[in-house]
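Architecture and fold: a report
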Amino acid sequence: MTSAAPLPDDMRVFVRGWLSSNSLLCLGGEPALIDTGHVKHAEQTVHLAAGALGHGAALAAIAHTHLHSDHCGGTAALQAAYPGAVTWVPEATLAHVRDWDQDALTFGDSGQRCDRFAAQRALIPGQTVRLGRRDWQIHAAPGHDALAVLLYQSDSGVLMAGDALWEHSVGVIFPHIDGLAGFEPFLDTLALIERLRPAVVVPGHGAPFARAGGGIDAALERARQRIAYFASHPAQHALYAAKVLIKYQMLDVERMTRPALRAWLGAAPALRQLHRQHRPDLAWDGWLDAVLAQLFDKGALRQTADEVLDGE
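Counting restarts for each chain, with residues numbered from 1 along the sequence as it is written. Restriction of local features to residues with pLDDT of at least 70 applies here, the model being predicted, together with a cutoff of 80 or more for giving and counting side-chain atom pairs; totals for whole chains, interfaces and linings are based on all residues. In computing side-chain properties, one takes all heavy atoms of the structure into account and sets aside hydrogens as well as water.

1. Let's talk about the packing of aromatic side chains
Two aromatic rings from Phe, Tyr or Trp, using only the six-membered ring of Trp, form a pair when their centres are within 6.5 Å; if the ring planes differ by under 30 degrees the pair is stacked, by over 60 it is edge-to-face, and anything between is tilted. A complete count under the given rule lists six aromatic pairs for this structure. Plain terms: the ring middles of tyrosine 229 and phenylalanine 230 are 6.0 Å apart, the flat faces sit at 55° to each other, and that makes the pair tilted. Given a relative accessible area of 35%, tyrosine 229 falls into the partly exposed group. Relative accessible area serves as the criterion here: at 1%, phenylalanine 230 is assigned to the buried category. Ring pairing ties together the aromatic residues Trp100, Phe107 and Phe117, which thus form one cluster. Charge over a ring is defined by NZ of Lys or CZ of Arg lying within 6 Å of the ring centre and within 35 degrees of the ring normal. In this arrangement the basic side chain of arginine 226 is found over the ring face of tyrosine 240, its NZ or CZ atom lying 5.3 Å from the centre. Here arginine 272 stacks its cationic end above the ring of tryptophan 284, 3.8 Å away from the centre of that ring. Under the scheme applied here, a residue whose accessible area is under 20% of the maximum for its type counts as buried, over 50% as exposed, and between as partly exposed, the area being computed with a 1.4 Å probe on protein chains only.

So, in C-alpha cells, the structure goes:
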C-alpha cells in the first residue's frame, strides 16, 4: 500500500509486508524508484509504480540502497516494463551485478532468490544523484550491509535509510556473520544519520517516521542499545540472524515439506556459520531443532505432520 507519510507531494512510499522493502518513488523531472522489494512482489511493484506515475509516464531511473534480495528483487521486472530506465547500485556492487556473482551479492550464501538484472551506474559516496526533480546526497552506510548507502535529500529533509535505521529494531549485521567489522561501522552510520538531522526517515521496513515528536531520536537510541547488546552478546546476534533468515525464506515460499526445509537449511552457508557462532557445542540437527522450536513457540512458523508453514 501507499503510506500516509509526511513527505513532499513529489514522493510516494510503497510500504508492504516484511518480505519486501519499502520503495520510494520520486516524481517529476526524471522519475525514479529507490529500492524495488522482493521478486515475489515484483508484479505488484510494477503496478504500484505505474499507478503513481500516471498514464504514459515512465521511470527514468532505478536506485538501490543495497542489494539484499528484499531491496532489489523487483528490479528485473521494472527494467522489463521500463527498458529506458538507468539502474544505479552502490559503487562496490556494480561489478558483482555485471558478473551476476551470486555469492558476492549474498544470494547464494543466504539461500535467497533474485531475478537477474543489469546495472549501469554507481552510487558513489560523497557525490549526488538526480532522482525525480531533486538531488540526493549519497552516503556510505556500513553496518547491516558493508556496501550499503543511504540517500539524503537535504531540501526536504527526507532520508531513504534502507536498513541503516528502522524505527523499533535493527537488521541483521551481516558483516559480523562473515567475520568482518560490523557493530562499530553500524554505530558510525547511526552517528552520520544523527548529524544529517533528517526530518523524515523512510526505513527499509515499517512506516516512515519523523523527527517531530522525537521519533528519529528515539529510533537512534533504540538502535544503539540493540547494537551494544549484540556486541556484548554475539551469540545472541547469531541466533537472531538465524531466525530472521529462516523466517524470510518461509515468507517467500509460505510452506515446505519437512525434508525440503531441511535440505534448504543445509544448503545455506550463512546458517552453517551462524551455527558455529551461536552453539558450536550442539550438533547441526540439534541446533536446527532448537532454533525452529523458538519460531514455532512464538507463532512465527506453524507445523503439521508433514509440512512447515509460515505463521503469517
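Next, the rest of the story.
2. Describing the sheet that holds strand 3 (residues 32-34)
Following DSSP output, two strands are said to pair if at least two bridges run between them. A run of H or I in DSSP counts as a helix once it spans at least four residues, and a run of E counts as a strand once it spans at least two, with each numbered from the N terminus. Spatially, 1-2-3-4-5-6 is the arrangement adopted by the six strands of the open sheet, whose pairing is mixed. The open sheet has two free edges, formed respectively by strand 1 (11-14) and strand 6 (121-123), since each of these has just one partner strand. Averaged over neighbouring strand pairs, the angle between their axes works out to 20° when direction is ignored. Note: strand 3 against strand 4 (residues 61-63), three bridges, orientation parallel. Following the sheet pairing, leucine 33 is matched in strand 4 by isoleucine 62. Axis lines are fitted to C-alpha atoms, over the contacting stretch for helices. Their N-to-C directions set the angle, which ranges from 0 to 180 degrees.

3. Brief notes about the side chain of histidine 205
With respect to the secondary-structure elements, histidine 205 resides in the loop between strand 11 (200-203) and strand 12 (209-210). Here histidine 205 falls in the buried class, since its relative accessible area comes to 9%. In contact with histidine 205, other than residues within four places in its own chain, are Trp18, Ser20, Ser21, Asn22, Asp70, His71, Asp163 and Trp166. Note on definitions: a residue-residue contact is assigned when non-hydrogen atoms from the two residues lie within 4.5 Å.

4. What about the nonpolar core?
Residues enter a nonpolar core if they are buried and are Ala, Val, Leu, Ile, Met, Phe, Trp, Tyr or Cys, with the set joined through side-chain atoms within 4.5 Å. One finds Leu165, Leu271 and Leu274 to be the most contacted residues of the largest nonpolar core, which totals 53 residues. A total of eight residues in this core trace back to one element, the largest contributor, which is helix 9 (residues 234-253). For leucine 271, the residues in contact, after removing those within four places along its chain, are Ala242, Leu245, Ile246, Trp264, Leu265, Trp284 and Trp287. Trp88, Ile138, Val149 and Met160 belong to the second largest nonpolar core, which has 22 residues in total.

5. Things to note about the sheet that holds strand 12
Read across the open sheet, the six strands follow the order 7-8-9-10-11-12; overall the sheet is mixed. The sheet is open, and its two edges are formed by strand 7 (128-131) and strand 12, each paired on a single side.

6. Observations regarding the environment of alanine 305
Within the fold, alanine 305 resides in the loop between strand 14 (301-303) and strand 15 (307-310). Taking the C-alpha atoms as reference, alanine 305 lies 9.3 Å from threonine 257; in sequence the two are 48 residues apart.

7. Looking at the pattern of salt bridges
Definition used for salt bridges: Asp or Glu carboxyl oxygen within 4 Å of a side-chain nitrogen of Lys or Arg. Applying the stated rule across the entire model yields twelve salt bridges. The shortest N-O distance in the salt bridge between aspartate 217 and arginine 211 comes to 3.1 Å. Given a relative accessible area of 41%, aspartate 217 falls into the partly exposed group. Sharing partners across several salt bridges, the network here consists of Asp10, Arg133 and Arg134.

8. Overview of the pairing of strand 10 (residues 158-162)
Within strand 10, five of the five residues are buried, which leaves it mostly tucked inside the rest of the structure. Residue alternation in strand 10 divides its side chains into two sets, Val158, Met160 and Gly162 and Leu159 and Ala161, and both sets are buried. In terms of strand pairing, strand 9 (residues 149-153) meets strand 10 through three bridges, oriented antiparallel. In the strand pairing of strand 10, glutamine 153 is matched with valine 158. What sits between the antiparallel neighbours strand 9 and strand 10 is a turn of four residues, in which glycine 157 has the positive phi angle 75°. In this sheet, strand 11 lies alongside strand 10 in parallel orientation, the contact comprising four bridges. Within strand 11, the position partnered with methionine 160 by the bridge is valine 202.

9. Digging into unusual backbone geometry
Unusually for a residue other than glycine, aspartate 35 sits at a positive phi of about 65°. Structurally, the position occupied by aspartate 35 is in the loop between strand 3 and helix 1 (42-53). The phi dihedral of glutamate 254 falls on the positive side, at around 75°, and the residue is not glycine. Locating glutamate 254 in the fold gives a position in the loop between helix 9 and strand 13 (255-257). The exposure class assigned to glutamate 254 is partly exposed, which follows from its relative accessible area of 46%.

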